[in-house]
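Below, each chain spelled out in residue letters.
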Amino acid sequence: MPPKYFKTSGHLLVCQGQNCQARGSALLYRALWNHLERASLAYYKTGGTVRLTESGCLGACSSGPALCAYRQREGKLEEGWYAAVDFPLAVRVAQAVHEGAALPEERKYGP
Ligand code: FES
C-alpha cells in the first residue's frame, strides 16, 4: 500500500545552516511548528494544509534567519524568499500560504 499523500497549500522551509542558527533559526522553526499545530494549519491536522521542514543554506547567510515558501497558485509555481525572519513574519507567511492569499512583501529577497 502506498504512503498516504497529504494535499497541501504550500511548503515552508526554514534554514538551519550555521549562520541562521546563530540568529535563532532553531527556535524559530520550533515556534513555527508549535503555531502550525495549535492553529491546525499543519498539513496532517484536520483542515490544515501547510508543510514545514528544515533546510540547508538558502543563500542569505548574513541576513538570517532565512525562510522560503513555495506553492502552486493560479496554475504557476510561486516562491517567496525571506531574510531576517522573526516569528510574526513567519506566521503571516504560513497564514497566507494556508489561505491562498498574497504572500507578505516585507523582507523578501530573490525572485
Ligand atoms: S545559513 Fe541560512 S541562509 Fe545561509
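- The chain has the name (2Fe-2S) ferredoxin in an unreviewed UniProt entry, where Deinococcus budaensis is given as its organism.

Focus: the packing of aromatic side chains
- Enumeration over the complete set of coordinates arrives at 4 aromatic pairs.
- On the numbers, 5.1 Å between centres and 75 degrees between planes, the contact of Phe6 with Tyr43 is edge-to-face. Taken together, the positions of Phe6 in the segment before β1 (10–15) and Tyr43 in the loop between α2 (25–38) and β2 (50–55) put the pair 37 residues apart, joining distant regions of the chain.
- Residue class for Tyr43 comes out partly exposed when judged on its relative accessible area of 23%.
- Centre to centre, the rings of Tyr43 and Tyr44 are 5.1 Å apart; their planes meet at 85 degrees, and the pair counts as edge-to-face.
- We classify Tyr44 as partly exposed; its relative accessible area is 37%.
- Three or more aromatic residues link up through ring pairs in this structure, and these residues are Phe6, Trp33, Tyr43 and Tyr44.
- Across the ring face of Phe6, the terminal group of Lys4 is positioned such that the distance to the ring centre comes to 5.0 Å.
- One cation-aromatic arrangement involves Arg51 over Tyr43; the distance from NZ or CZ to the ring centre is 4.9 Å.

Basis of the calculations
Residues numbered from 1 in each chain as written. Predicted model: local features only at pLDDT ≥ 70, side-chain atom pairs only at ≥ 80, totals over all residues. Heavy atoms only, no water. Phe/Tyr/Trp six-rings, centres within 6.5 Å; stacked < 30°, edge-to-face > 60°. Helix = DSSP H or I, 4+ residues; strand = E, 2+ residues; numbered from the N terminus. Buried < 20%, exposed > 50% of the residue type's maximum accessible area, 1.4 Å probe, protein only. Lys NZ or Arg CZ within 6 Å of the ring centre and 35° of its normal.

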